[in-house]
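# Architecture at a glance
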Amino acid sequence: MKEEPVPFEKFAKIGIFPKDLEKMPKELRDPILSGHISPLMRVNVPIGDNSSVSVPMKIQLVRDKNNNLQLIAYQVHKEIDNKLRLTDSELERVRRGEVIRKEFQEGDNRKMRYVQLDKETNSLMRRDVASVKFDEKLAEMEKIKDIGLGWGQKEAAAMGKPVELEVGDQKVTVGVDLREPQGFKVMRGDMEEWKRQQAIRYDDAHEGYMGYVQTDENRWEYKQVVDRLRHKESVQMTEREKIDKKEEKKKGLSM
């Protein structure tokens, strides 16, 4: 994604402007522009009237099935944000770290999607199966590496489950992982190593929900983003809150 012009207009919608990207630490900016999911960030999101609200979130640039770039923002929630209306059994599966494949109704259309939980934000990551193109990757691996996948392995992989392969004298595990730019991951090692790696993703290692904070001076500082004890759900100001804020300002001026 780095070879393409940066979609500044998409970043601007969440309060990240060109000067903010320029000031981002390289270790934060480069993965974002490469399509990896970001670490936790506290971003100043515009809400009109030249004001903004500080929102903790993760962001990711992904491609849709037509290869167009989309910027997805995952806000921090106290509980799992189940806008996708997953069943109790499906919620339990994603809590365990599984990726599920499910068909969703959107207007007159039905779309097959992979769904995965981001534990730090309690947001459900989702991606159209057609945009991940995991089947093509498996077919490519079979052709290049001269390996043969059984019907059961192909079915499990298509459903989003990791699959362990023998490539020469090495074991390789492949599976859907929506935190990756392409939507899947190829890793050296067996299934146990896959599970271990998934459990120690860099965000999980930061005690107290550490991440990057966008300061009022448009600088980026690495510090606590979300209080682990309170872990308040972050939402944009409601119209009532904005009115109350304006009333407080008026009272202050009249005093």
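As a convention, each chain's residues are numbered from 1 in the sequence order in which they are written. Per-residue local features are limited, in this predicted model, to residues with pLDDT of at least 70; the limit for side-chain atom pairs, both in listing and counting, is 80 or more; totals at the level of whole chains, interfaces and linings are taken over all residues. Working from all heavy atoms in the structure, the side-chain values ignore hydrogens and water.

### A look at the sheet that holds strand β3 (residues 69–75)
DSSP bridges decide pairing: two strands pair if at least two such bridges lie between them. To qualify as a helix, a DSSP run of H or I must reach at least 4 residues; to qualify as a strand, a run of E must reach at least 2; elements of each kind are numbered from the N terminus. Within the open sheet, the 5 strands sit side by side as β3-β2-β1-β10-β11. Their pairing is mixed. Only two strands of the sheet have a single partner each, and these edge strands are β3 and β11 (220–224). The mean angle between the axes of side-by-side strands here comes to 50°, regardless of whether they run parallel or antiparallel. Examined bridge by bridge, strand β10 (residues 210–214) and β11 share 5 bridges and lie antiparallel to one another. Counted as the bridge partner of methionine 210 is glutamine 224 from β11. A fitted line through C-alpha atoms serves as each axis, taken over the contacting stretch for helices, and the angle formed by two N-to-C directions is quoted from 0 to 180°.

### Thoughts on the sheet that holds strand β6 (residues 123–128)
Across the sheet, which stays open at both edges, the 3 strands sit in the order β4-β5-β6 with antiparallel pairing between neighbours. Unpaired on one side and paired on the other, β4 (100–106) and β6 mark the two borders of the sheet. Mean inter-strand twist for the sheet, computed between neighbouring axes without regard to direction, equals 45°. Judged from the 6 bridges that link them, strand β5 (residues 109–118) and β6 form a sheet pairing that is antiparallel. Bridge pairing links tyrosine 114 to arginine 127 in β6. Taken strand by strand, helix α4 (residues 88–95) contacts β4, β5 and β6, and its axis lies near 135° from that of β4. The contact criterion used throughout is that any non-hydrogen atoms of two residues lie within 4.5 Å.

### With respect to helix α3 (residues 26–33)
Relative accessibility under 20% of the residue-type maximum defines a buried residue, over 50% an exposed one, and the middle range a partly exposed one, all with a 1.4 Å probe and only protein chains included. For α3, the set of buried residues is Leu28, Asp30, Ile32 and Leu33. Elements in contact with the buried residues of α3: α1 (8–12), β1 (41–48), β2 (51–63), β10 and β11. At the C-terminal side of α3, glycine 35 shows a positive phi close to 100°.

### Focus on the packing of aromatic side chains
When the centres of two rings from Phe, Tyr and Trp lie within 6.5 Å, Trp using its six-membered ring, the rings pair. Their planes under 30 degrees apart give stacked, over 60 give edge-to-face, and anything left gives tilted. Throughout the structure, instances matching the rule amount to 1 aromatic pair. A ring is considered to have a charge above it if a Lys NZ or an Arg CZ atom is located within 6 Å of its centre and within 35 degrees of its normal. If you follow lysine 185 out to its NZ or CZ, it ends over the ring of tryptophan 194, 5.8 Å from the centre.

### Description of the pattern of salt bridges
For side chains bearing opposite charge, pairing can occur when the charged atoms are close. Every case where a carboxyl oxygen of Asp or Glu lies within 4 Å of a side-chain nitrogen of Lys or Arg is listed as a salt bridge. Considering all chains together, one arrives at 17 salt bridges under this definition. The closest approach of N and O atoms between glutamate 120 and lysine 58, which form a salt bridge, is 3.1 Å. Here lysine 58 lies in strand β2 and glutamate 120 lies in the loop between β5 and β6, a separation of 62 residues in the sequence. Residue arginine 95 pairs with glutamate 92 through a salt bridge whose shortest N-O separation is 3.9 Å.

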